[in-house]
Amino acid sequence: MQPIFRFIENNFAAFFLFFLIWTIAWMAFFLWRRARTGPKFPRLTDVTVLFRERFASGASHLSWITRLGGAQNCLTVILTDSELWITTFFPFSAFAGFYDLEHRIPTQSLSNVTQKGKSVTIDFDMPDGDRRRILLRLRHAPEFMAALQSHVVA
């Protein structure tokens, strides 16, 4: 066995503790940054919910990193009478901002929504004028589209 591996094996507890503290510190940093800069969502009892799906999947098209690092079965998609919410739950909420997967989108900012099977592509305008695209994979995509169309038409 090479000396470096022997050193790691002999000091495994120290290495484990170091990487555990390192991981907890990064998670705390991401959670702090999310709490400071991320969108704030009201309670569900304070809004009219038209559609809600937990454990959805998706990816932002902001960059190649966000396309590759999407969310698999950890997104919550909520359509209210005035907004579309895309968020996630703990512990994934720490990384949602990094992968551009946490948004409160006013329905009037939606520019294009298309469905292909269980995939829904959403184009929307950000408050700063930027245009974004998110691909969602919903188990109940037809119900989402029906709720969105009935709300937009009404």
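Residues numbered from 1 in each chain as written. Predicted model: local features only at pLDDT ≥ 70, side-chain atom pairs only at ≥ 80, totals over all residues. Heavy atoms only, no water.

Asker: Even after reading the chapter, I still don't get the pairing of strand E5 (residues 110-116), so can you show me in this structure?
Answerer: Looking along a regular strand, one sees side chains alternate from face to face of the sheet. Here 6 bridges tie E5 to strand E6 (residues 119-125), and the two strands are oriented antiparallel to one another. Counterpart to threonine 114 in the pairing with E6 is threonine 121. Here E5 folds back onto E6 in antiparallel fashion, the turn holding 2 residues, of which glycine 117 has a positive phi close to 70 degrees. (Pairing = 2+ DSSP bridges. Helix = DSSP H or I, 4+ residues; strand = E, 2+ residues; numbered from the N terminus.)

Asker: Would you mind showing me how to read the nonpolar core here?
Answerer: What tends to happen in soluble globular proteins is that the nonpolar side chains get buried as a cluster. The biggest cluster of nonpolar side chains holds 21 residues, and the ones touching the most others in it are Leu84, Ile122, Leu136, Leu138 and Phe144. For this core, the secondary structure elements donating two or more residues are strand E1 (49-60), strand E2 (71-80), strand E3 (83-88), E6, strand E7 (131-137) and helix H5 (141-153). Here this core gets 5 residues from one element, more than from any other, and that element is H5. Here leucine 136 is in contact with Ser57, Gly58, Leu75, Val77, Ile86, Lys118, Ser119, Val120 and Ile122, once residues within four sequence places are set aside. (Core = buried A, V, L, I, M, F, W, Y, C linked by side-chain atoms within 4.5 Å. Buried < 20%, exposed > 50% of the residue type's maximum accessible area, 1.4 Å probe, protein only. Contact = heavy atoms within 4.5 Å.)

Asker: Sorry, what's going on with the confidence of the model for the chain here?
Answerer: Any segment with low pLDDT has predicted coordinates that should not be analysed in fine detail. On average, the chain scores 78 in pLDDT, and the residues at 70 or more come to 77%. Summarising per-element confidence for the chain, the mean pLDDT is lowest in helix H4 (residues 93-96) (57) and highest in E6 (88). (pLDDT = per-residue confidence, 0-100.)

Asker: I keep staring at the side chain of glutamate 53 and nothing clicks. Help me out?
Answerer: Locating glutamate 53 in the fold gives a position in strand E1. Of the side chains with opposite charge, arginine 139 comes closest to the buried, unpaired glutamate 53, at an N-O distance of 4.3 Å. Those residues in contact with glutamate 53, other than ones at most four positions away along the chain, are Leu75, Thr76, Val77, Leu138, Arg139 and His140. (Lys, Arg positive; Asp, Glu negative; His and termini not counted. Salt bridge = Lys/Arg side-chain N within 4 Å of Asp/Glu carboxyl O.)

Asker: Please clarify how the packing of aromatic side chains should be interpreted in this entry.
Answerer: Aromatic rings in a pair are described by how distant their centres are and how their planes are angled relative to each other. Scanning all chains against the criterion turns up 4 aromatic pairs. An angle of 75 degrees between the planes, with centres 5.1 Å apart, marks the rings of phenylalanine 18 and phenylalanine 19 as edge-to-face. Its relative accessible area of 47% is what places phenylalanine 18 among the partly exposed residues. Considering the side-chain rings of phenylalanine 51 and phenylalanine 144, the 5.3 Å spacing of their centres and the 70 degrees angle between planes classify their relative orientation as edge-to-face. Here phenylalanine 144 lies in helix H5 and phenylalanine 51 lies in strand E1, a separation of 93 residues in the sequence. With a relative accessible area of 8%, phenylalanine 51 lands in the buried category. Assessed through its relative accessible area of 1%, phenylalanine 144 is described here as buried. Aromatic rings pair up to connect Phe18, Phe19 and Trp22 into one cluster. (Phe/Tyr/Trp six-rings, centres within 6.5 Å; stacked < 30°, edge-to-face > 60°.)

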